[in-house]
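# Observations on the model geometry
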Amino acid sequence: MAQVWDTTPVISEYQQNKIDMNFISKVAVWFRNEDAGLLVLRVAVAIPFIVHGYAKLADHGMYVQAFASMGIFAPAFMAWFVGLVEFVGGIVVLLGIFVRTAGVLLTVVMVVAIATVHAKSGYSAMTGGYEYQLTLLLTALAVAFTGAGKYVPAPLAKLEAKCCAGCASTCGCDETK
């Protein structure tokens, strides 16, 4: 009977750990990318605002009634305005243009939402509180402070640069891109 030899390469535990550490260090380098973090933050901010803004615009009548029942001034206008700020603000944040201005507007919308509707119910979202709105407020504020980062489609970055030419950053644009 012929002897069968095991041809599987033998890797010592030391070599396996070295391979694992090389892989981990290569992956860790990518996680040191602040601009990638800003892109993730922009996506996290944009999606809920786009969804909620679209809902306010698509089912305007329901939101007018809801705003009126909460005692919000000019409910028809405010439902439209808030829906537009959330929807368009979410889109421009996602695209990476005018993010500082959009971040400020979205922050203001969340401050008003907390003050007029959610604060009286406490912190917990389970009881209708402001937990979720505070998270949206803080992430929108973070985007307003940091800007878009470098991961912005080039044509959109050029569009923003044209719109903001000569404004000396008074419009809230991110001229550091």
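Our subject is the structure that appears above.
Below is a short write-up of the structure. Just so it is clear, the model here is predicted, and its values are computed rather than measured.

What counts, and at which threshold
Residues numbered from 1 in each chain as written. Predicted model: local features only at pLDDT ≥ 70, side-chain atom pairs only at ≥ 80, totals over all residues. Heavy atoms only, no water. Core = buried A, V, L, I, M, F, W, Y, C linked by side-chain atoms within 4.5 Å. Buried < 20%, exposed > 50% of the residue type's maximum accessible area, 1.4 Å probe, protein only. Helix = DSSP H or I, 4+ residues; strand = E, 2+ residues; numbered from the N terminus. Contact = heavy atoms within 4.5 Å. Patch = residues over 30% accessible without salt bridge, like charges linked within 9 Å, V, L, I, M, F, W, Y side chains within 5 Å. Areas by Shrake-Rupley, 256 points an atom, 1.4 Å probe, with all protein chains shown as cover. Salt bridge = Lys/Arg side-chain N within 4 Å of Asp/Glu carboxyl O. Axes fitted to C-alpha atoms, helices over the stretch in contact; angles between N-to-C directions. Parallel < 35°, antiparallel > 145°, perpendicular 65-115°, else oblique. Left-handed = near helix turned anticlockwise from the far one by under 90°. Nonpolar A, V, L, I, M, F, W, Y, C, P; charged D, E, K, R; others polar.

Judged by nonpolar contacts, the single largest core of 30 residues is most densely connected at Val45, Phe49, Phe67, Val93, Leu106, Met110 and Val143. Listed by contribution, the elements that provide at least two residues to this core are helix H2 (34-58), helix H3 (60-69), helix H4 (75-95), helix H5 (99-118) and helix H6 (131-146). When residues of this core are assigned to their parent elements, the largest contribution, seven residues, is made by H5. Residues in contact with Phe67, not counting those within four places in the same chain, are Lys56, Ile72, Pro75, Met78, Ala79 and Val82.

Attention now moves to a nonpolar patch on the surface. The grouping of Phe77, Trp80, Phe81, Leu84 and Val88 at the surface amounts to a nonpolar patch, some 440 Å² of accessible area in total. Tracing the backbone shows Phe81 in helix H4. Overall, the relative accessible area of 33% leaves Phe81 in the partly exposed class.

With respect to the helices and strands, Gln133 occurs in helix H6. Discounting chain neighbours no more than four positions away, the residues touching Gln133 are Met110, Ile114 and His118.

Turning our attention to the packing of H5 against H6. Running from N to C, H5 and H6 cross one another at 160°; their axes reach a closest spacing of 8 Å. One finds that H5 runs roughly antiparallel with respect to H6. Pair H5 / H6 crosses with left-handed handedness. Of the residues in H6, those in contact with Val99, Arg100, Gly103, Val104, Leu106, Thr107, Met110, Val111, Ile114 and His118 of H5 are Gln133, Leu134, Leu136, Leu137, Ala140, Leu141, Val143, Ala144, Phe145 and Thr146. A per-class count over the contact of H5 with H6 returns 14 nonpolar, five polar and one charged.

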